[in-house]
Amino acid sequence: MGRTVVIVGTQWGDEGKGKVVDLLTDRAGAVVRFQGGHNAGHTLVIGDRKTVLHLVPSGAMREDVACVIGNGVVLSPSALMDEISKLESGGVKLRHRLFISDACPLILPYHVAVDKAREQKSGRNAIGTTGRGIGPAYEDKVGRRAVRVGDLLNESELRAKVEAALDFHNFMLKNYYVSDSVDVEAVIDGALQAAEQIRPMVDDVPARLRAYREQSVPLLFEGAQGALLDIDQGTYPYVTSSNTTAGGACTGSGIAPSAIDYVLGIAKAYATRVGAGPFPTELTDGIGRHLASEGNEFGATTGRPRRCGWLDAVALKRAVGLNGVSGLCITKLDVLDKVERIKICVAYRLNGADIEAPPSGAAALARCQPVYEELPGWMSPTVGVRKLDDLPAKARSYLDRVQALAQTPVHMISTGPEREDVIVISHPFG
Ligand code: GDP
Ligand code: IMO
Ligand code: MG
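Criteria and cut-off values
- Residues numbered from 1 in each chain as written.
- Chains lettered and ligands numbered in written order.
- Predicted model: local features only at pLDDT ≥ 70, side-chain atom pairs only at ≥ 80, totals over all residues.
- Heavy atoms only, no water.
- Near = heavy atom within 4 Å.
- Polar contact = N/O pair within 3.5 Å; in protein donor to acceptor, adjacent residues only side chain to side chain.
- Nonpolar A, V, L, I, M, F, W, Y, C, P; charged D, E, K, R; others polar.
- Donors = N, O, S within 2.8 Å, 3.2 Å for Na, K, Ca; no water.
- Helix = DSSP H or I, 4+ residues; strand = E, 2+ residues; numbered from the N terminus.
- Buried < 20%, exposed > 50% of the residue type's maximum accessible area, 1.4 Å probe, protein only.
- Salt bridge = Lys/Arg side-chain N within 4 Å of Asp/Glu carboxyl O.
- Axes fitted to C-alpha atoms, helices over the stretch in contact; angles between N-to-C directions.
- Parallel < 35°, antiparallel > 145°, perpendicular 65-115°, else oblique.
- Left-handed = near helix turned anticlockwise from the far one by under 90°.
- Contact = heavy atoms within 4.5 Å.
- Domains from an automatic or database assignment.
- Buried area = accessible area lost by both parts, 1.4 Å probe.

A. The site of ligand 2, seen in detail. Taken together, 20 residues sit near ligand 2, with Asp14, Lys17, His42, Thr130 and Thr240 positioned nearest. With respect to ligand 2, the side chain of His42 contributes an N or O atom lying 2.7 Å from an oxygen atom. Its residues assigned to classes, the shell around ligand 2 shows 7 nonpolar, 10 polar and 3 charged.

Put into structure tokens, the structure is as follows:
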């Protein structure tokens, strides 16, 4: 049997998932996205060429790899076509190997309008969403009024569904958000235009995955966002609207839980968060600014500066449990190269007591104070190191401490943005 590997973020997203997926795809036959949408921004650096993918799976840069978009993804037809065109103008041919589930809910212009209007109305309490319409599109799915990819194939069905959805959303936009309504004909025209291009890529994804398994094709499932942004398990309500944890790979694609052989959890050697919400180890001082500049911490989708802080082992241990992480990949180790004293959060202080499990929900987490352990920095370059033996002893000690606190082995270490800047201790595909 070919192995099935799931890759997930264990923090608040932007852990370097795209880089690791692209790297490991040399051993995979297909890469599958199973949740999120074009809120994701996954950066691939191959030689001196940088590519940021949002909706297209990070197998795109390897010609012989199939790219699959499962039913759990919310799909903006216009964003998809823009992304495909951009890749094509860079010489990446994709259409013949991109397969899209007919059950993906569509993100249409009214979702974007609602997302933006709601954020504006929320003022100080805004989530800081990416403004891509993600939350409203998932609400429509659960509300059983989503227009789905399959509906693009039938003009009269499409028209009826868009009209019904807009009847509701325009009422809300006009009367509740006191905002502009969205023109129904413009939405239908836009969707029909994209439909002609998307039609050949529409597929029965569960059947495709079953066939791959029967043919022993190694599969890689690519998570978007991270565990702390999970709609159920994250820092609610400051989360995204999908299940970002490994279980989402099953519900979001149609693969069975028993098919998953290995879960790779990606964690930065420090922590970042973009958007609002509690972040116990956040640094607003010079060290925070140092991490932001060394790590080039600007959102790959919105360009917003990312908040930076120390690694949070309390949250990491929780993420490891939620995902059933088999092994960790620690990324951006090189960003700590010039930090003299490195802290790791090993507990939270809440109401005078130390706790080692994160409280549920954002309000309690916001009252938690981090309890730190301090380790000496290695103060020498690790950029591009590809052998474990070539790492400074103090960097090895730091990684040893992280794996002890997370109670999970470190199987990979990323030492730079470039595809090959990596140390592989144990390969997820065996
Ligand atoms: P993703 O959303 O998890 O795929 O991560 P992003 O692409 O949004 O953000 C990760 C950023 O860090 C990108 O700019 C990557 O090119 C970069 N990156 C990934 N791994 C490393 C690493 O080991 N070292 C450094 N310095 N940068 C890295
Ligand atoms: P990748 O896949 C980091 C954050 C937003 C906001 C919250 C909700 O690149 O790791 P949404 O638009 O999803 O409703 O916003 O989630 N967010 C991300 N943060 N990386 C991402 O994706 C993110 N996708 C959404 O900033 O706080
Ligand atoms: Mg990202």
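B. Geometry of the coordination of the magnesium ion (ligand 3). For the magnesium ion (ligand 3), the protein coordination sphere consists of Asp14 (OD) and Gly41 (O), at 2.0 to 2.2 Å. Of the two residues, Asp14 is situated in the loop between β1 (4–9) and α1 (17–24) and Gly41 in the loop between β2 (30–33) and β3 (42–46); the sequence distance between them amounts to 27 residues. As far as burial versus exposure is concerned, Asp14 and Gly41 are alike and both buried.

C. Region of interest: the pattern of salt bridges. Scanning all chains against the criterion turns up 22 salt bridges. Residues Arg199 and Glu196 are paired through a salt bridge, measuring 3.6 Å at the closest nitrogen-oxygen approach. Arg199 sits in the partly exposed class, given a relative accessible area of 38%. Three or more residues joined by partner-sharing salt bridges are found here, namely Asp14, Lys268, Glu297, Arg306 and Lys332.

D. Layout of the packing of helix α3 (residues 109–122) against helix α4 (residues 134–142). Relative orientation of the contacting elements α3 and α4 amounts to 120 degrees, with a least axis distance of 7 Å. Between α3 and α4, the interaxial angle falls into the category oblique. Handedness of the α3/α4 crossing: right-handed. Seen from α3, the contacting residues are Tyr110, His111, Val114, Asp115 and Arg118; seen from α4, they are Ile134, Pro136, Ala137, Glu139 and Asp140. Considering only residue class, the contact of α3 with α4 consists of 5 nonpolar, 1 polar and 4 charged.

E. Spotlight on the domain arrangement of the protein. For the protein, the domain assignment lists domain 1 (4–102 + 202–259), domain 2 (109–197) and domain 3 (267–424). A separation of 37 Å is found between the C-alpha centroids of domain 2 and domain 3. The interface of domain 2 with domain 3 comprises 6 residues on the first partner and 5 residues on the second. For the pair domain 2 and domain 3, the summed buried surface comes to about 350 Å²; carbon and sulfur atoms form 44% of the total. Summed over the three residues of domain 2 that lose the most area to domain 3, namely Gly128, Thr130 and Arg132, the buried surface amounts to 70% of that side. For the pair domain 2 and domain 3, the number of links is 0 salt bridges. Applying the counting rule to domain 2 against domain 3 returns 3 residue pairs in polar contact (both at pLDDT 80 or more). Its residues assigned to classes, the side of domain 2 that touches domain 3 shows 2 nonpolar, 3 polar and 1 charged.

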